Amino acid sequence: MNTKLWTVDKQDPIKYSYPQIKEASDLLIEGEVVAFPTETVYGLGANALSDQAVLKIFEAKGRPSDNPLIVHISKKEQLTVLVDNLNETARKLMDAFWPGPLTLVLPKKEGVSQYVTAGLDTIAVRMPDHPVAQALMEISGLPLAAPSANLSGKPSPTTAMHVEEDLIHKISGIVDGGATGVGLESTVVDCTADVPLILRPGGVTKEQLEEVVGDVEVDPALIHQEEQHKPKSPGMKYTHYAPVAPVYLIDGSKEFLQRTISVSLSEGKKVGLLATEETISAMNTTGITAIACGTKTDLSTVATQLYDALRAFNATDVDIIYSEVYPEQGVGVAIMNRLEKAAGHRIIKE
Ligand code: AMP
Ligand code: MG
């Protein structure tokens, strides 16, 4: 398959990149699959109202069919064909966080494709805060089902180049609107229960949600050592975000990290280190591949750079990757959720 590539102006795509947006929208209307930037990560979009278009997403990504998709909308009116009934909690969250990195799980309207929702009676919906995503929905007039535009199991893409690495010749087009901002996927909140329940941590934190709707719970399956619980969000059970070499999280001091690296080096291993700028500059990195990922003084920079850093190890010959851990506050919760999955829950404690 020929994959078209369009470069667009991300500030005002309709004004400055109309021909590209129109061409991409036309492909979406024809039922094709097109990748585009959102403020979280690149999405792989298709007409959410067409079974055939939606099935192409699963095929291109190699996504398990029991993992439902998030439907992206550009206007609240589009909810009328997707969602059955909006409760007070959902309304408050939409007013506070849309457009933005918050996905709401809501009762689905009859007639919504069973493939989108993987047979569930709920649907996940979000309004992205990115002019390119909005322009595609506005010009095509379609709600777009769009998971992250990576092969299943790989780190989510934060640049058009990441999408190309995974999906060239497998999809009809890629709209390049530059690097994404948040860098981690949206927070997924189930609004169908009495107390809203976080199914996936993300760009919007628990604290921010609680400011708007009071108590918010977290799916117990997301909390450490609680793997015996089955996550309510089907996608959370899959290994994910993994580079080729195995990742180990090191929960301890810099000295412990340095000693762990030395042991692997003495065993003849090629070692990769994923850490913040300040950790890397405070360590002896002779003979290892150190890739920096943001600064601890602002965890949002770690979120933004995490997937690019994880992918960068695939261009190296490391046998093993050690990563430091992050405080589980604010966006640190989402960072640790992704890192633990990338590491297959392998954590070495001091
Ligand atoms: P991605 O598309 O890669 O961002 O992943 C979407 C996430 O949303 C996955 O973890 C899905 O399991 C989750 N999701 C989508 N729809 C639902 C739903 N109806 N109920 C619960 N989780 C959902
Ligand atoms: Mg994904």
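Use the structure listed above.
Conventions adopted
Residues numbered from 1 in each chain as written. Chains lettered and ligands numbered in written order. Predicted model: local features only at pLDDT ≥ 70, side-chain atom pairs only at ≥ 80, totals over all residues. Heavy atoms only, no water. Near = heavy atom within 4 Å. Polar contact = N/O pair within 3.5 Å; in protein donor to acceptor, adjacent residues only side chain to side chain. Areas by Shrake-Rupley, 256 points an atom, 1.4 Å probe, with all protein chains shown as cover. Helix = DSSP H or I, 4+ residues; strand = E, 2+ residues; numbered from the N terminus. Nonpolar A, V, L, I, M, F, W, Y, C, P; charged D, E, K, R; others polar. Buried < 20%, exposed > 50% of the residue type's maximum accessible area, 1.4 Å probe, protein only. Pairing = 2+ DSSP bridges. Arc of directions from axis to C-beta. Phe/Tyr/Trp six-rings, centres within 6.5 Å; stacked < 30°, edge-to-face > 60°. Lys NZ or Arg CZ within 6 Å of the ring centre and 35° of its normal. Contact = heavy atoms within 4.5 Å. Axes fitted to C-alpha atoms, helices over the stretch in contact; angles between N-to-C directions.

### Concerning the site of ligand 1
Surrounding ligand 1, one finds 19 residues, the nearest of these being Asn67, Thr122, Pro147, Ser233 and Gly235. Here arginine 200 contributes a side-chain N or O atom positioned 3.0 Å from an oxygen atom of ligand 1. Contact with the protein chains hides 96% of the accessible area of ligand 1, taken as 500 Å² for the molecule alone. Sorting the residues of the shell around ligand 1 by element identifies β6 (122-126) and β10 (197-200) as the ones contributing at least two each. Among the elements that make up the shell around ligand 1, the one with the highest residue count is β6 (three residues). Taken together, the residues of the shell around ligand 1 break down into eleven nonpolar, five polar and three charged.

### Structural notes on the pairing of strand β9 (residues 187-190)
On β9, burial covers both faces: Thr187 and Val189 on one face and Val188 and Asp190 on the other are all buried. As paired strands, strand β5 (residues 102-107) and β9 are joined by four bridges and run parallel to one another. Residue pairing across strands places leucine 102 opposite threonine 187, the latter belonging to β9. Two elements, β9 and β10, share three bridges in a ladder whose sense is antiparallel. Along β10, the bridge assignment pairs valine 189 with isoleucine 198. Between β9 and β10, which pair antiparallel and follow one another directly, the connecting turn spans six residues.

### What about helix α6 (residues 160-167)?
When we look at burial in α6, the residues that qualify are Ala160, His162, Val163, Asp166 and Leu167. Summarising the axial view, the buried residues of α6 lie within an arc of 155°, below the 170-degree limit, and thus occupy one face. Immediately beyond the C-terminal end of α6, within one or two residues, lies histidine 169, with a positive phi of roughly 70°.

### Quick word on the packing of aromatic side chains
A full pass over the atoms with the stated rule returns one aromatic pair. Summarising the aromatic geometry, the rings of tyrosine 248 and tyrosine 322 are spaced 6.2 Å apart at their centres and angled 55° between planes, so their arrangement reads as tilted. Highlighted residues: tyrosine 248 in strand β12 (residues 247-251) and tyrosine 322 in strand β15 (residues 320-324), separated in sequence by 74 residues. Classification of tyrosine 248 by relative accessible area gives partly exposed; the value is 24%. Relative accessible area serves as the criterion here: at 5%, tyrosine 322 is assigned to the buried category. Seen from the ring of tyrosine 326, lysine 296 lies directly overhead, with NZ or CZ sitting 5.6 Å from the centre. A cation over an aromatic ring shows up here: arginine 346 above the ring of tyrosine 248, its NZ or CZ 5.0 Å from the ring centre.

### Describing helix α3 (residues 51-61)
Looking at α3, one finds that the buried residues are Ala53, Val54, Ile57, Phe58, Ala60 and Lys61. Lining the buried residues of α3 we find β3 (42-47), β7 (144-145) and α6. Downstream of α3 by one or two residues, glycine 62 has phi in the positive range, about 65°.

### A closer look at the pairing of strand β13 (residues 271-275)
The buried fraction of β13 amounts to five of the five residues, a majority that puts the element mostly inside the structure. With burial as the criterion, each face of β13 is covered, one bearing Val271, Leu273 and Ala275 and the other bearing Gly272 and Leu274. Both β13 and β15 contribute to a ladder of four bridges, which runs parallel. Along β15, the bridge assignment pairs leucine 273 with tyrosine 322. One ladder, built from four bridges, connects β13 with strand β14 (residues 289-292); its direction is parallel.

### A word on the sheet that holds β9
In spatial order, the strands read β1-β8-β2-β3-β7-β4-β6-β5-β9-β10-β11; together these eleven strands make up an open sheet with mixed pairing. On the outer flanks of this sheet lie β1 (4-7) and β11 (217-218), each paired with one strand and no other. Examined bridge by bridge, β10 and β11 share two bridges and lie parallel to one another. Within β11, the residue paired with isoleucine 198 across the bridge is valine 218. Relative to strand β8 (residues 173-176), α6 is tilted by about 165°, and along the sheet it contacts β1, β2 (34-37), β3 and β8.

Just geometry here; none of it tells us what the structure is for.
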